[in-house]
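The primary structure of each chain is shown beneath.
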Amino acid sequence: GEVAGEVAGEVVGEVATEAARQRSTAHIASGEFAALVHMWDTLKLDKVLGGGSGSSKRPAGYLPTYIIALTATRCTPDTAVVLRARLERLCVAGPSISGKCLDAVPCLPRHLRGSFISQLQVLCRLRGDCSQLVEPSDLELLSTRCGGLFGLLEAEWYTEADSAGKRELRAEYALQRPQAKARKKGR
């Protein structure tokens, strides 16, 4: 779940760092990338920013800047500055991403699709890339521009092939099933 998303986020974060170096912008540590993805998901920025030109799907009364302003009243001034800076980095034009394009990543576990889309949204915004990701070929092109991102992620998600050529999803990426609550005796 969340831990797996953070670990895979490190791989995508490293690609974002390389992109930042190429654009002569600040270094982006994998922890910062994970924090940006967490903010993206927590504030549901996909609903606010959508994709592309910033067309808004925002529900009435939902303003992330207001949420950050409220948060700033309950944290240190330094933390408030960091949160505002993160939101500013994310509130730029980005791509429209269709789930259909994820067919380009056949090794992507279904339960990680949402996390992967969030990571792609953040990665593209950090790269300044507004390319539409609608078809699998669009995502393959992005992977190529990002130094073979899919190969890196596949190596992260799966174990080495065994003697039969079979690869297993690493435990940290396996779907975590909620455990049934123990029933009290006598009931």
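Refer to the preceding data block for the structure.
Residues numbered from 1 in each chain as written. Predicted model: local features only at pLDDT ≥ 70, side-chain atom pairs only at ≥ 80, totals over all residues. Heavy atoms only, no water.

**Student:** Please provide a residue-by-residue account of the nonpolar core, values included.
**Tutor:** Leu-45, Val-105, Phe-116, Val-122, Leu-139 and Trp-157 are the most contacted members of the largest nonpolar core, which totals 39 residues. At the level of elements, helix H2 (30-42), helix H3 (45-49), helix H5 (77-90), helix H6 (113-127), helix H7 (136-145) and helix H8 (149-157) are the ones that each hand at least two residues to this core. Per-element tally for this core: the top contributor is H6, with six residues. In contact with Phe-116, other than residues within four places in its own chain, are Leu-102, Val-105, Leu-108, Leu-139, Phe-150, Leu-153 and Trp-157. (Core = buried A, V, L, I, M, F, W, Y, C linked by side-chain atoms within 4.5 Å. Buried < 20%, exposed > 50% of the residue type's maximum accessible area, 1.4 Å probe, protein only. Helix = DSSP H or I, 4+ residues; strand = E, 2+ residues; numbered from the N terminus. Contact = heavy atoms within 4.5 Å.)

**Student:** So, the packing of H2 against H6: which residues are in play, and what are the values?
**Tutor:** Here H2 crosses H6 at 115°, and the two axes come no closer than 9 Å. Viewed along their axes, H2 and H6 form a crossing whose handedness is right-handed. In this structure, H2 contributes Phe-33, Leu-36, Val-37, Trp-40 and Asp-41 to the contact, and H6 contributes Ser-118, Gln-119, Gln-121, Val-122, Leu-123, Arg-125 and Leu-126. In the contact of H2 with H6, the residues fall into seven nonpolar, three polar and two charged. (Axes fitted to C-alpha atoms, helices over the stretch in contact; angles between N-to-C directions. Left-handed = near helix turned anticlockwise from the far one by under 90°. Nonpolar A, V, L, I, M, F, W, Y, C, P; charged D, E, K, R; others polar.)

**Student:** Tell me about H8, and please be specific about residues and values.
**Tutor:** Considered for burial, the residues of H8 that qualify are Leu-149, Phe-150, Leu-153, Glu-156 and Trp-157. Taken down its axis, H8 places every buried residue within 120° of arc, on the same side. (Arc of directions from axis to C-beta.)

**Student:** Can you tell me about the packing of aromatic side chains, naming the residues and giving the values?
**Tutor:** Here a ring pair, both rings aromatic, is described through the centre-centre distance and the interplanar angle of the planes. One pass over the structure, following the stated rule, counts two aromatic pairs. With centroids separated by 6.0 Å and ring planes inclined at 75°, the aromatic side chains of Phe-116 and Trp-157 adopt a geometry described as edge-to-face. Of this pair, Phe-116 sits in helix H6 while Trp-157 sits in helix H8; the two residues are 41 residues apart in sequence, bridging distant segments of the chain. The exposure classification of Phe-116 matches that of Trp-157, with both residues buried. (Phe/Tyr/Trp six-rings, centres within 6.5 Å; stacked < 30°, edge-to-face > 60°.)

**Student:** Break down H5 for me, citing the residues and quoting the values.
**Tutor:** For H5, built from 14 residues, the straight-helix expectation of 20 Å at 1.5 Å per residue is met to within 8% by its first-to-last C-alpha distance of 20 Å. Within H5 the residues assigned to the buried category are Ala-80, Leu-83, Arg-86, Leu-87 and Leu-90. An end-on view of H5 places all buried positions within 125° of arc, on one side of the element. Residues Pro-77, Asp-78, Val-81 and Glu-88 are exposed on H5 and point more than 90 degrees away from its buried face. Residues of H5 that are buried in the fold lie against H2, H3, helix H4 (64-72) and H6. (Expected span 1.5 Å × (residues − 1).)

Any functional reading would require information that these geometric values do not contain.
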